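Structural characterization, general
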Amino acid sequence: MYGLLQWVAVAVLAFIAVPASGAGMSGALVLHGKGESPESVAELVDTLRRENVIVAAPEMPWSGRRLYDRSVSEVDAEIDRAVAELRIHEAARVYLIGQGVGASYALRYGSRPGVNGIVAIAPDHAPESPRYINTFANDLRRARELITAGRPRTIFEFFDLLWGNRRTRATTSAQTFLNYFDADGPMNMMRNAQALRKDMLVLWIVPTGGDPAARQYALDVYQRIPFNPGSKLVEIPVDYSKAMYASVRTTVEWMGDTVAYIKNE
């Protein structure tokens with residue numbers, strides 16, 4: 001597992017481009033999906049860099065290497081530091097851009113101060129949804145039994161759920177598993193949508209390919225987001241694997257369009 005100081009060093013190195021003068025610039029924190037890495041969002045990062053955006057793309061706790069090595073509240077602390085770094089580099093506006101669970105986490109973080117906009121690409125990981133409840137019922141029972149037995153840090157193996165109903169082997173502690181997968185936990189996507197600040201700008205991008213239930217749930221969640229005239233729902237005719245690439249130009253253009261909605265801080 002990474003130590004916090006090690007992650008801070010990684011976060012600093014993850015700044016892809018810092019203009020000579022960041023004043024008035026936008027900053028973007030790009031969050032990859034489950035089992036992925038910062039390399040998986042390189043196309044978007046490179047495009048944002050060319051648009052003179054200050055960009056960071058840290059390796060998140062749900063990467064293939066880290067395997068849920070931090071609780072959600074610990075992720076909050078990591079992102080707090082990354083957002084602060086963007087502000088230090090004089091980003092006037094900060095956007096969280098996430099794919100899959102990165103999008104779901106960005107939605108959660110959007111109720112906090114310091115971020116002006118969220119781009120949610122193929123938002124997934126909704127532990128309160130019927131799809132997740134049915135898939136992880138036995139895993140949730142096992143995790144709760146371990147915690148009741150006083151073994152919350154016991155290594156816990158499960159098959160994670162990806163967009164398109166693909167599965168991948170993962171391990172974490174029983175306690176951390178519940179933190180991410182309990183319907184009443186901090187990653188409840190529907191509840192986090194309702195808790196967004198009213199001034200939060202949201203670009204919600206939903207692929208039409210893949211599992212119909214996942215797609216419909218993502219559309220339902222968007223309806224719970226507080227209305228903002230600068231927010232936008234976009235459906236793209238691809239599956240999850242192509243969603244990030246297909247969303248690059250839409251994301252860049254939307255970020256430019258939203259500048260008028262953001263008051264100088």
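In what follows, the accompanying structure is described.

**Let's talk about the pairing of strand E7 (residues 167-173)**
Pairing geometry for strand E6 (residues 155-161) and E7, over seven bridges, is antiparallel. Across the sheet, the residue bridging to Phe159 is Arg169, located in E7. Counting the residues in the hairpin turn of E6 and E7 gives five residues, including Gly164, whose phi is positive at 90°.

**Overview of the nonpolar core**
Counting residues in hydrophobic clusters, the biggest one holds 86 residues, and the most contacted among them are Leu48, Ile79 and Trp204. With seven residues, the top contributor of residues to this core is helix H10 (residues 240-258). Apart from residues no more than four positions distant in its own chain, Ile79 is found in contact with Leu29, Leu31, Met60, Leu96, Tyr105 and Tyr109.

**Comments concerning the pattern of salt bridges**
Tallying each qualifying case throughout the model produces 17 salt bridges. In this structure, the salt-bridge partner of Glu59 is Arg65, at a minimum N-O distance of 2.9 Å. One salt bridge in this structure joins Asp69 and Arg66, with 3.1 Å as the shortest N-O distance. In this structure Arg66 comes out as buried when scored by relative accessible area, which is 5%. Linked by salt bridges that have partners in common, Asp76, Asp80, Arg108 and Arg112 make up one network.

**Details of the packing of aromatic side chains**
By the definition in use, this model includes 17 aromatic pairs. When the ring of Tyr68 is compared with that of Phe158, the centres are 6.1 Å apart and the planes differ by 45°; the resulting orientation is tilted. In this pair, Tyr68 sits in the loop between strand E3 (54-56) and helix H3 (72-88) while Phe158 sits in strand E6, placing the two residues 90 residues apart along the sequence. Connected via pairs of aromatic rings, a cluster forms that spans Tyr68, Tyr132, Phe136, Phe156, Phe158, Phe177, Tyr180 and Phe181. Just above the ring of Phe136 sits the side chain of Arg167; from NZ or CZ to the centre is 5.7 Å.

Rules used throughout
As a convention, each chain's residues are numbered from 1 in the sequence order in which they are written. Selection of residues for local features in this predicted model requires a pLDDT of at least 70, selection of side-chain atom pairs for listing and counting requires 80 or more, and totals for whole chains, interfaces and linings are taken over all residues. Note: side-chain values were computed over all heavy atoms of the structure, leaving out hydrogens and water. Here, a strand pair is defined by DSSP locating no fewer than two bridges between the strands. Helix and strand definitions follow DSSP, with helices as H or I runs of at least four residues and strands as E runs of at least two, each counted in order from the N terminus. Joining through side-chain atoms within 4.5 Å is the link that ties buried Ala, Val, Leu, Ile, Met, Phe, Trp, Tyr and Cys residues into a set, and such a set is a nonpolar core. Relative accessibility under 20% of the residue-type maximum defines a buried residue, over 50% an exposed one, and the middle range a partly exposed one, all with a 1.4 Å probe and only protein chains included. The contact rule is simple, with two residues in contact once any of their heavy atoms fall within 4.5 Å. Throughout this description, the term salt bridge denotes a Lys or Arg side-chain nitrogen within 4 Å of a carboxyl oxygen of Asp or Glu. Ring pairs are drawn from Phe, Tyr and Trp, using the six-membered ring of Trp, whenever the two centres fall within 6.5 Å, and their geometry is named by plane angle: stacked under 30 degrees, edge-to-face over 60, tilted for the rest. In our convention, an over-ring charge means Lys NZ or Arg CZ found within 6 Å of a ring centre and within 35 degrees of that ring's normal.

Note that all results are geometric; they support no functional claim without further evidence.
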